[in-house]
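Below are the chains, spelled out letter by letter.
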Amino acid sequence: CHLYLLTSLLSIAAASGVSQSWDKNPKTSAIVKKLVADGNAGELQKYFGSRMEFGTAGLRAAMGAGISHMNDLTIIQTTQGFCRYLEKNFSDLKKRGVVIGFDARAHLSSGGSSKRFARLAANTFISQGVPVYLFSDITPTPFVPYTVTHLKLCAGIMVTASHNPKQDNGYKVYWENGAQIISPHDKGISQAIEENQEPWPQAWDDKLIDSSLLLHDPYATVNKDYFKDIQKQCFHRNINKETNLKFVHTSVHGVGHKFVQLAFKAFDLSPPFAVPEQKDPDPEFPTVKYPNPEEGKGVLTLSFALAEKDGAKIILANDPDADRLAVAEKQESGEWKVFSGNELGALLGWWIFTCWKNHNRDTCAIKDVYMLSSTVSSKILRAIALKEGFHFEETLTGFKWMGNRAKQLMDQGKAVLFAFEEAIGYMCCPAVLDKDGVSAAVITAEMASYLATRNLSLSQQLKAVYDEYGFHITKASYFICHDPKVIQQLFDNLRNFDGKNTYPKSCGRFKVSGIRDLTTGYDSSQPDQKAILPTSKSSQMITFTFANGGVATMRTSGTEPKIKYYSELCAPPGNSDVEQLKKELDELVNALEKHFFQPEKNNLQRKTE
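- An unreviewed UniProt entry lists the chain under the name Phosphoglucomutase 2, from Buteo japonicus.
- Quoted straight from UniProt, the Sequence similarities (unreviewed entry) entry for the chain says "Belongs to the phosphohexose mutase family."

1. Comments concerning the overall build of the chain
Right, so step 1: In terms of regular secondary structure, the chain is built from 20 helices and 25 strands.
Right, so step 2: Taken against the 2.2 N^0.38 rule, which gives 25 Å for 609 residues, the C-alpha radius of gyration of the chain at 25 Å falls within 12% of a compact globule.
Right, so step 3: The dimensions of the chain, computed from C-alpha atoms along their principal axes, are 70 × 60 × 50 Å.
Right, so step 4: Looking at the 609 residues of the chain, the share that counts as buried comes to 58%.
Right, so step 5: Carbon and sulfur atoms make up 52% of the accessible area of the chain, which totals about 25,100 Å².
Right, so step 6: Charge centroids of the chain, computed over 69 positive and 67 negative side chains, lie 1 Å from each other.

2. Let's talk about the pairing of strand 2 (residues 98–102)
Right, so step 1: Across the five residues that make up strand 2, a large majority, five, are buried.
Right, so step 2: Residues V98, I100 and F102 line one face of strand 2 and the alternating positions V99 and G101 line the opposite face, and both faces are buried.
Right, so step 3: Taken together, the five bridges between strand 2 and strand 6 (residues 155–159) define a ladder with parallel strand orientation. Within strand 6, the position partnered with V98 by the bridge is A155.

3. Considerations on the environment of D225
Right, so step 1: Mapped onto the elements of the fold, D225 is located in helix 9 (residues 219–230).
Right, so step 2: The exposure class assigned to D225 is buried, which follows from its relative accessible area of 13%.
Right, so step 3: The spacing of D225 and V589 is 364 residues in sequence and 46 Å in space, taken between C-alpha atoms.
Right, so step 4: Not counting chain neighbours up to four residues away, the residues in contact with D225 comprise Y146 and H150.
Right, so step 5: A distance of 2.7 Å separates the side chain of D225 from the side chain of H150, its partner in a polar contact.

4. Topic: the packing of aromatic side chains
By convention here, two paired aromatic rings are described through the distance between centres and the angle between planes.
Right, so step 1: Counted by the stated rule, this structure contains 24 aromatic pairs.
Right, so step 2: Ring plane angle 70 degrees and centroid distance 6.2 Å describe the contact between F143 and F227, whose orientation is recorded as edge-to-face. Of the two residues, F143 sits in helix 7 (residues 143–150) while F227 sits in helix 9, which places them 84 residues apart along the sequence.
Right, so step 3: F143 sits in the buried class, given a relative accessible area of 0%.
Right, so step 4: On the basis of relative accessible area, F227 is assigned to the buried category, the value being 7%.
Right, so step 5: Ring centres 4.9 Å apart and planes at 45 degrees place the aromatic pair F544 and F596 in the tilted group. Taken as a pair, F544 in strand 22 (residues 541–546) and F596 in helix 19 (residues 578–597) lie far apart in primary sequence, 52 residues in all.
Right, so step 6: Residue class for F544 comes out buried when judged on its relative accessible area of 0%.
Right, so step 7: The exposure class assigned to F596 is buried, which follows from its relative accessible area of 2%.

5. Observations concerning the packing of helix 4 (residues 72–89) against helix 6 (residues 114–127)
Right, so step 1: As a packed pair, helix 4 and helix 6 sit with axes 9 Å apart at the nearest point and diverge in direction by 40 degrees. Judged by the inter-axis angle, helix 4 sits oblique to helix 6. Between helix 4 and helix 6 the crossing geometry is right-handed. Of helix 6, the residues touching helix 4 (which contributes D72, I75, I76, T79, Q80, F82, C83 and L86) are R116, F117, L120, A121, T124 and F125.

6. Thoughts on the UniProt feature "domain: Alpha-D-phosphohexomutase alpha/beta/alpha" (unreviewed entry) in the chain
Right, so step 1: Following the UniProt record, the feature "domain: Alpha-D-phosphohexomutase alpha/beta/alpha" (unreviewed entry) maps to residues 52–198, 225–330 and 369–469 here.
Right, so step 2: Note that residues 225–330 is 31% helix and 16% strand, and that its end C-alpha atoms are spaced 34 Å apart.
Right, so step 3: Its end C-alpha atoms 18 Å apart, residues 369–469 is made of 50% helix and 21% strand.

7. Comments concerning the packing of helix 13 (residues 341–359) against helix 16 (residues 437–453)
Right, so step 1: At a minimum axis distance of 11 Å, the contact between helix 13 and helix 16 shows a crossing angle of 75 degrees. Classed by the angle they form, the pair helix 13 and helix 16 counts as roughly perpendicular. Mapping the contact onto sequence places L344, L347, L348, W350 and W351 in helix 13 and I443, T444, E446, M447, Y450 and L451 in helix 16.
Right, so step 2: Split into classes, the residues belonging to the contact of helix 13 with helix 16 amount to nine nonpolar, one polar and one charged.

8. Some words on the nonpolar core
Right, so step 1: Judged by nonpolar contacts, the single largest core of 164 residues is most densely connected at F82, F125, F418, Y426 and M554.
Right, so step 2: Here F418 is in contact with G345, L348, G349, I352, Y370, M371, L372, L381, Y426, M427 and C428, once residues within four sequence places are set aside.
Right, so step 3: The next biggest cluster of nonpolar side chains, apart from the first, holds 10 residues, and it includes Y370, L372, F399 and A406.

9. Some thoughts on unusual backbone geometry
Right, so step 1: Of the consecutive residues S183 and P184, the connecting peptide bond is found in the cis state with omega at 10 degrees.
Right, so step 2: Structurally, P184 is set in the loop between strand 7 (168–174) and helix 8 (185–194).
Right, so step 3: Although it is not a glycine, S162 adopts a positive phi angle of roughly 55 degrees.
Right, so step 4: Along the chain, S162 turns up in the loop between strand 6 and strand 7.
Right, so step 5: Positioned with a positive phi, V252 is a non-glycine residue whose angle comes to about 50 degrees.
Right, so step 6: If you trace the backbone, V252 turns up in the loop between strand 9 (247–250) and helix 11 (256–266).

10. A closer look at the sheet that holds strand 17 (residues 425–427)
Right, so step 1: The strand order 15-14-16-17 describes an open sheet built from four strands, whose pairing is mixed. Two strands close off the open sheet at either side, each with one partner strand: strand 15 (391–395) and strand 17. Across this sheet, the average inter-strand angle for adjacent strands is 15 degrees, counted without regard to direction.
Right, so step 2: The sheet contact formed by strand 16 (residues 415–421) and strand 17 spans three bridges and is antiparallel. When the bridges of strand 17 are listed, A419 appears paired with M427.
Right, so step 3: Across the sheet, helix 15 (residues 399–411) touches strand 14 (369–374), strand 15, strand 16 and strand 17, and the angle it forms with strand 16 is around 175 degrees.

What counts, and at which threshold
- Residues numbered from 1 in each chain as written.
- Predicted model: local features only at pLDDT ≥ 70, side-chain atom pairs only at ≥ 80, totals over all residues.
- Heavy atoms only, no water.
- UniProt positions renumbered as here; feature names shortened; annotations may be inferred.
- Helix = DSSP H or I, 4+ residues; strand = E, 2+ residues; numbered from the N terminus.
- Rg over C-alpha atoms; globule rule 2.2 N^0.38 Å.
- Buried < 20%, exposed > 50% of the residue type's maximum accessible area, 1.4 Å probe, protein only.
- Areas by Shrake-Rupley, 256 points an atom, 1.4 Å probe, with all protein chains shown as cover.
- Lys, Arg positive; Asp, Glu negative; His and termini not counted.
- Charge placed at Lys NZ, Arg CZ, Asp CG, Glu CD.
- Pairing = 2+ DSSP bridges.
- Contact = heavy atoms within 4.5 Å.
- Polar contact = N/O pair within 3.5 Å; in protein donor to acceptor, adjacent residues only side chain to side chain.
- Phe/Tyr/Trp six-rings, centres within 6.5 Å; stacked < 30°, edge-to-face > 60°.
- Axes fitted to C-alpha atoms, helices over the stretch in contact; angles between N-to-C directions.
- Parallel < 35°, antiparallel > 145°, perpendicular 65-115°, else oblique.
- Left-handed = near helix turned anticlockwise from the far one by under 90°.
- Nonpolar A, V, L, I, M, F, W, Y, C, P; charged D, E, K, R; others polar.
- Core = buried A, V, L, I, M, F, W, Y, C linked by side-chain atoms within 4.5 Å.

The following block contains the structure:
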């Protein structure tokens with residue numbers, strides 16, 4: 001039986017295009033040979049059981065051997081498929097070309113690294129006569145979509161796993177409009193990968209690119225032009241030059257340090273103090289358990305210590321690929337407040353609109369102004385838009401939706417000032433149609449410097465925003481679950497709560513007044529009961545509206561083994577009983593966890609600091 005399983009697994013590996021003769025990486029090849037020699041059927045199943053799925057987020061997986069991991073061979077196969085797909089879609093691909101960037105991730109045991117993957121991808125395109133703009137050094141993720149539109153290229157690839165654990169890597173794809181791909185491109189690329197699995201001649205010889213006339217390095221040009229473009233969002237240069245406010249910045253062992261320093265220089269701000277232990281790229285992320293500033297105060301321990309030492313009041317933290325931003329501020333009590341993504345979204349939305357309003361005296365112009373946020377983010381922008389007279393739209397979760405919608409609006413002559421998602425992602429500058437932690441960091445610093453001249457802190461201004469537009473109290477968290485069957489069962493139970501095809505009518509003491517299921521396309525609030533936002537059967541997402549005005553969404557993550565939830569309670573302007581609102585939301589979240597997640601029954605692991 002064991003021999004039969006081993007034989008069948010090896011046939012799976014061969015059928016999946018992982019012939020030993022195809023893998024020229026000695027480390028991954030040796031790993032597979034040893035597993036075969038040892039007859040280790042379980043590990044072979046793990047490596048060759050199923051190919052990584054190429055979706056709208058591209059690829060994201062651990063580095064290692066086999067078709068289920070990120071490695072030299074799977075990068076070559078993926079890029080061959082992507083190249084063929086682009087050839088079908090762009091008659092001028094060989095004239096315009098593509099851009100490729102990479103972060104600092106590396107995996108010694110399999111010989112994989114972001115730089116190596118980027119070079120192999122570049123080699124694939126160049127072998128087909130396609131010009132490649134390959135960054136010569138590590139770069140923030142937002143520089144890739146910026147380069148796509150700035151140089152009018154056909155597509156972009158960023159090799160990064162963002163804030164995932166150190167063993168992971170990823171392959172993120174942008175279309176010619178500078179936004180991440182959306183369907184049906186993901187399916188088309190996936191099909192093309194299946195059809196182009198055998199490495200092309202010279203696929204492994206990446207040294208060939210160094211002498212190719214098709215290889216270009218956009219590093220110097222993009223660094224100059226990007227910082228010039230973001231200066232269009234600098235409105236208080238004189239205040240910036242004179243502010244006494246001090247900032248600490250951490251790049252959490254990622255790529256952000258140099259670029260945030262340059263952004264501060266572009267805005268005439270004194271450079272932030274850099275956390276010395278974390279400012280240089282290190283693929284081991286030695287000082288943090290998770291390299292994700294969204295995880296809370298644990299990631300910011302060294303930042304707090306440096307801020308106390310140097311008298312800084314504000315901390316700016318990027319994730320390792322510098323597309324996200326977390327902000328913390330020292331309170332009068334001496335405690336540190338870490339702003340949630342929704343709170344910083346409220347502040348930046350208020351600030352960017354205020355700056356726009358002060359520089360646009362034409363009252364008619366506001367009819368063409370838009371702001372966007374994802375459907376699981378706070379609706380604070382909607383409240384500001386209603387009062388101020390501009391447009392607000394919500395999209396599905398993820399910047400791929402906001403970036404594509406922003407481009408559509410901009411093509412219609414509209415001004416998209418700002419977009420954000422609660423997962424600390426902010427698009428503050430129309431030159432980048434994706435989240436950008438570099439521009440968000442420096443714009444936050446200018447906002448804080450301006451407020452300091454009015455003797456206001458960020459926290460005080462946040463309260464002022466809520467006082468004017470209504471309190472929006474939010475709470476979000478997640479459970480970890482590694483078993484897809486348990487996740488499926490959990491959501492199936494919610495769809496068949498009181499018999500077949502019936503959703504819950506209440507959650508503890510909280511009455512459910514509306515349900516939107518973006519997996520099935522059901523929306524109880526619509527006359528035809530069909531959801532307006534696009535639906536996707538491949539991911540789980542249900543939103544419950546409650547009679548008390550609360551809203552809660554449960555969804556699966558596209559890149560991590562998490563079931564996430566997002567909740568919000570909104571009050572009209574003038575309702576200043578914040579503590580009562582918080583208490584009500586806490587009780588709603590407790591009921592949601594107890595009755596809908598059932599963590600003990602489903603063996604779910606809670607988020608821990």
